[in-house]
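Survey of secondary and tertiary structure
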Amino acid sequence: MAIMRVESLVYGAEDLDAGIRYFEDWGLPCAGRGAHGADFTLPSGQTILARSSKDGSLPAAPDGGSTLREAIWGVSDAAVLERIGAELGRDREIKSDSGGLHTRDEAGFAIGFRVAAPAPRAPTSAAPRLNRPYDPERRARPSRLGHVVYNSAKKDLEKQLAFYLERLNFRLTDRALDTGAFMRCQGSTDHHNLFFAIRADRASFNHAAFEVRDIDEIVLGGKYMKSRGWRPNTPLGRHILGSNVFWYFDNPCGGRTEYYSDMDQMDDNWKPRIWEKNPGFAMWMMEKDEAPELTRI
């Protein structure tokens with residue numbers, strides 16, 4: 001079953017206007033806005049939907065309040081979609097509509113599947129800057145949605161892993177027994193497209209990650225977000241597992257969003273690593289007084 005990527009995220013926000021402003025400031029192109037909320041489409045063709053938490057058409061979420069209501073996974077073709085429906089329909093309710101299939105995983109998170117609609121990937125290399133000084137006010141413009149992260153109750157983790165690894169053909173990349181498990185889609189080489197963390201020991205949404213070009217764009221994007229009044233959740237840093245450079249911000253739609261770049265890439269020759277203890281959150285992080293304009297951690 002060739003699941004390729006996270007295709008779409010659907011949020012329910014208690015303060016919808018704030019949520020829409022947040023994603024606009026984050027650098028996502030708004031494809032349409034109305035009484036229902038706003039739709040954002042990344043250059044990759046992936047989408048973010050911001051809706052009111054009072055919208056009765058949204059699936060319920062384990063954590064309630066402002067949070068992610070549904071993660072939709074993009075698959076390679078209609079035959080794969082049909083196979084997923086047949087497999088998951090053996091033991092759970094499947095709803096089908098023009099947007100694909102919708103159901104819930106083992107922890108109760110709403111998930112969906114539809115045929116991916118990828119846009120051509122733009123070149124990532126920077127053009128030569130001959131007679132073109134670097135723009136210090138350049139904003140972050142995420143190119144794609146890379147991964148989604150949930151908190152999981154410890155008692156649910158094994159059945160969650162079995163659901164995604166055995167029934168949906170995700171690949172295990174790294175697992176820290178005291179922290180959680182990183183998985184990637186069959187059609188992706190990213191270190192992870194999905195991570196379940198157990199330290200909170202409850203089912204809730206954690207964050208979504210958006211890839212940008214490089215560390216400069218992460219810093220400039222974070223600087224702009226702070227200038228707009230949004231709160232950083234971490235300093236700038238580089239992870240150990242995944243190796244990506246990161247900067248997280250609190251999202252009024254729920255959880256956090258992460259700017260990231262330079263993530264490890266793995267294929268099916270990779271042997272999953274099992275860690276008794278997590279090797280650590282970051283190789284390095286800026287100290288509070290070193291991070292650019294970092295005043296509200």
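What you are looking at is a predicted structure, and each value in this text was computed from that prediction instead of being measured. (Residues numbered from 1 in each chain as written. Predicted model: local features only at pLDDT ≥ 70, side-chain atom pairs only at ≥ 80, totals over all residues. Heavy atoms only, no water.)

On to the layout of surface pockets. In this structure, the second largest pocket occupies an estimated 510 Å³ of space. Lining the second largest pocket are 21 residues, and of these Ser 57, Pro 59, Glu 70, Asp 97 and His 102 sit closest to its centre. Considered class by class, the residues forming the lining of the second largest pocket number seven nonpolar, seven polar and seven charged. (1 Å grid on protein atoms, 1.4 Å probe; cavity = no way out; pocket = protein on both sides within 12 Å on 5 of 7 lines; lining within 4 Å. Points joined across faces, edges and corners; volume = space filled by probe spheres on them. Nonpolar A, V, L, I, M, F, W, Y, C, P; charged D, E, K, R; others polar.)

Another aspect to go through is the nonpolar core. Ranked by size, the top nonpolar core spans 61 residues in total, and within it Leu 9, Ile 48, Trp 73 and Phe 113 carry the most contacts. Val 149, Phe 182, Phe 195 and Leu 241 belong to the second-largest nonpolar core, a separate cluster that totals five residues. (Core = buried A, V, L, I, M, F, W, Y, C linked by side-chain atoms within 4.5 Å. Buried < 20%, exposed > 50% of the residue type's maximum accessible area, 1.4 Å probe, protein only.)

We now examine the environment of Ile 111. Its location among the elements puts Ile 111 in strand S8 (residues 110-115). Sequence separation between Ile 111 and Asp 262 is 151 residues, and the spatial gap between their C-alpha atoms is 27 Å. (Helix = DSSP H or I, 4+ residues; strand = E, 2+ residues; numbered from the N terminus.)

With that settled, the discussion passes to empty space enclosed by the protein. Scanning the model with the defined rule gives one cavity of 30 Å³ or more in all. Each pocket or cavity is described by its volume, and for the largest cavity that value is around 30 Å³. Together, Ala 61, Pro 62, Leu 68, Arg 69, Glu 70, Ala 71, Phe 109, Ala 110 and Tyr 150 line the largest cavity. Sort the elements by how many residues they give to the lining of the largest cavity and strand S5 (residues 67-75) lands first, with four residues. Classifying every residue of the lining of the largest cavity gives seven nonpolar, no polar and two charged.

Right, let's get into helix H4 (residues 215-227). In a regular helix each residue adds 1.5 Å, so 13 residues correspond to 18 Å; H4 covers 18 Å between its end C-alpha atoms and thus fits that length. For H4, the secondary structure elements touched by its buried residues are helix H1 (16-26), strand S15 (245-250) and strand S16 (256-261). The backbone nitrogen of Asp 216 has a side-chain oxygen 3.2 Å away, supplied by the residue at the start of H4, namely Asp 214. Positive phi appears at Gly 229, one or two residues downstream of H4, with a value of about 95 degrees. (Expected span 1.5 Å × (residues − 1). Contact = heavy atoms within 4.5 Å. Polar contact = N/O pair within 3.5 Å; in protein donor to acceptor, adjacent residues only side chain to side chain.)

The subject of this paragraph is unusual backbone geometry. Note on backbone geometry: most residues besides glycine have negative phi, and most peptide bonds are trans. Even without a glycine there, the phi angle at Asn 131 is positive, about 55 degrees. Residue position: Asn 131 is located in the loop between S8 and strand S9 (144-151). You can call Asn 131 exposed: its relative accessible area is 75%. Even without a glycine there, the phi angle at Ser 243 is positive, about 70 degrees.

Turning our attention to the packing of aromatic side chains. What the rule picks out here adds up to 21 aromatic pairs. Look at Tyr 22 and Trp 230: their rings are 5.1 Å apart centre to centre, the planes differ by 80 degrees, and that puts the pair in the edge-to-face class. With Tyr 22 in helix H1 and Trp 230 in the loop between H4 and strand S14 (237-239), this residue pair connects regions lying 208 residues apart in the sequence. With a centroid separation of 5.2 Å and 90 degrees between ring planes, the pair formed by Trp 73 and Phe 170 is classed as edge-to-face. Of this pair, Trp 73 sits in strand S5 while Phe 170 sits in the loop between helix H3 (157-167) and strand S10 (171-176), and the two are 97 residues apart along the sequence. Assessed through its relative accessible area of 4%, Phe 170 is described here as buried. (Phe/Tyr/Trp six-rings, centres within 6.5 Å; stacked < 30°, edge-to-face > 60°.)

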